Amino acid sequence: APGLYLVATPIGNLEDITLRALRVLASVDRIACEDTRQTAKLLSHFGLRVPTVSYHDHNETGRASELITALKAGARIAIVSDAGTPAIADPGSVLVREAIAAGVAVYPIPGANAALSGLIASGLSTESFAFHGFLPAKEGARKTVLEALRLSLASGPLNPGPWALNPGPATHLFYETPHRILGALEDVVAVFGPQHRIALARELTKLHEEFLRGTAAEVLATLSARPSIRGEMVLMLDGTLRHSDEDSSVKTIADEVTHLIRT
Ligand code: SAM
């Protein structure tokens, strides 16, 4: 059927592409890609020959109107990013909104995603979770974001509502890069305390896939001891704040908020 197909591609292991994704990619009129060279490699690996067009952060808005015109005329267009699920920390959402507004059908073709892959094997709560994309690159902004997160956790479910669902504290997920991870972990230790439980997933689905699970201080110590840090990573923070003595600032905020709620 005509429409916009959001096709997930592998995040490392090339076997992580679905039969449906391959069938859809083979049958569309063209593929809008974050990076045409990257997608060319994927297509040639699977023996597919489909016209591609670039679609990335810098031309997303301009290119979208061009693609919408084709979609309205009945084209089948796929959108893929360099890795994983389009529109998740990747281009796609502008086109999706414009397609919806233009009355064009939008089809998700699910598959690999780094955040969910990391989460399910992290050992942290999967009942409730929140994905925040990349943490800010600059230390000041990153700390502010982490502080705001800690405050929101300390305040807990302010208004749990009448529904019976009580999933407990959510796990918080971030994408990180090898050159920023030590700084990010230092900030997590500073803001949440050294004993805060975290998990770090590195090189998911690849040969050197690795999970570091433990306290923020432990994971930081393990990584800092390495001569070099490589690979893509997902950083996951437990949603439960620690009330230990060494973490008295957290205790103060939690107590303050509890006091506010009670009074
Ligand atoms: N759209 C992708 C998805 O569905 O996961 C995410 C794209 S985002 C631009 C790239 C970031 O995703 C990386 O910096 C890293 O944080 C995370 N990531 C992607 N592949 C990964 C992998 N194999 N292992 C761990 N993290 C990965």
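Please refer to the structure higher up on the page.
Conventions adopted
Residues numbered from 1 in each chain as written. Predicted model: local features only at pLDDT ≥ 70, side-chain atom pairs only at ≥ 80, totals over all residues. Helix = DSSP H or I, 4+ residues; strand = E, 2+ residues; numbered from the N terminus. Buried ≥ 20, exposed ≤ 12 C-beta atoms within 10 Å, placed from the backbone. Contact = placed C-beta atoms within 7 Å. Axes fitted to C-alpha atoms, helices over the stretch in contact; angles between N-to-C directions. Parallel < 35°, antiparallel > 145°, perpendicular 65-115°, else oblique. Left-handed = near helix turned anticlockwise from the far one by under 90°. Nonpolar A, V, L, I, M, F, W, Y, C, P; charged D, E, K, R; others polar. Pairing = 2+ DSSP bridges. Core = buried A, V, L, I, M, F, W, Y, C linked by C-beta atoms within 7 Å.

Engineer: It is not clear to me how the overall build of the protein chain should be interpreted in this structure. Could you clarify?
Structural biologist: If you tally the helices and strands in the protein chain, you get nine helices and 10 strands. When burial is assessed residue by residue, the protein chain has 32% of its 263 residues classed as buried. Counted over contacts in the protein chain with a minimum sequence separation of 6, partners at least 24 positions apart contribute 74%.

Engineer: When you look at the packing of helix α7 (residues 181-192) against helix α8 (residues 216-224) in this model, what are you seeing that I'm missing?
Structural biologist: Packed helix pairs are characterised by how far apart their axes lie and by the angle those axes make with each other. Orientation of α7 relative to α8, taken along the N-to-C sense of each, is 155 degrees, at an axis distance of 9 Å. By the angle between their axes, α7 is roughly antiparallel relative to α8. In terms of crossing hand, the pair formed by α7 and α8 is left-handed. Side by side, α7 and α8 meet where I181, L182, L185, E186, V188, V189 and F192 of the first sit next to A216, A217, V219, L220, L223 and S224 of the second. Residues belonging to the contact of α7 with α8 are distributed by class as follows: 11 nonpolar, one polar and one charged.

Engineer: What should I look at first to understand the sheet that holds strand β7 (residues 171-176) in this one?
Structural biologist: Working definition: the strands of a sheet are paired by backbone hydrogen bonds and lie parallel or antiparallel to each other. Taken together, the five strands give an open sheet; going across it, the order is β6-β7-β10-β8-β9, and neighbouring strands pair in mixed fashion. The open sheet terminates on both sides in strands that have one partner only, identified here as β6 (129-134) and β9 (210-215). Averaged over all neighbouring strand pairs, the angle between strand axes comes to 15 degrees, with direction disregarded. Relative to strand β10 (residues 233-237), strand β8 (residues 197-202) runs antiparallel, the two sharing five bridges. Considered in β10, the bridge of A199 is made with M236. Relative to the sheet, α7 contacts β7, β8 and β10, its axis offset from that of β10 by approximately 0 degrees.

Engineer: Looking at this model, I keep getting lost on the pairing of β10. Mind explaining?
Structural biologist: Successive residues of a regular strand alternate their side chains across the two faces of the sheet. For β10, a buried count of five out of five residues is recorded, marking the element as mostly surrounded by other parts of the structure. Here β10 shows two buried faces, one formed by M233, L235 and L237 and the other by V234 and M236. Sheet topology note: the β7/β10 ladder contains five bridges and is antiparallel. In the sheet register, L173 faces β10, and the bridge partner there is M236.

Engineer: Quick question: what am I supposed to make of the environment of T126 here?
Structural biologist: Along the polypeptide, T126 turns up in the loop between α5 (114-120) and β6. Looking at T126, the number of C-beta atoms within 10 Å reads 14, which means it is partly exposed. A sequence separation of 43 residues divides T126 from P169, and the C-alpha atoms of the two residues are 9.9 Å apart. The contacts of T126, once residues within four sequence positions are left out, are L119 and I120.

Engineer: I tried to follow the nonpolar core on my own but got confused; where do I start?
Structural biologist: Looking at soluble globular proteins, one finds that nonpolar side chains tend to be buried together. With 56 residues, the main nonpolar core has V7 and I79 as its most contacted residues. V7 has contacts with A21, V24, L25, A78, I79, V80, P86 and I109, leaving out every residue within four places of it along the chain.

Engineer: I tried to follow the packing of helix α6 (residues 139-155) against α7 on my own but got confused; where do I start?
Structural biologist: Their axes nearest at 10 Å, the elements α6 and α7 cross at an angle of 40 degrees. The pairing of α6 with α7 is recorded here as oblique in orientation. The two elements α6 and α7 meet at a crossing, and its hand is right-handed. Residues E139, R142, K143, L146, E147 and R150 of α6 pack against G183, A184, D187, V188, V191 and F192 of α7. Split by residue class, the contact of α6 with α7 holds five nonpolar, one polar and six charged.

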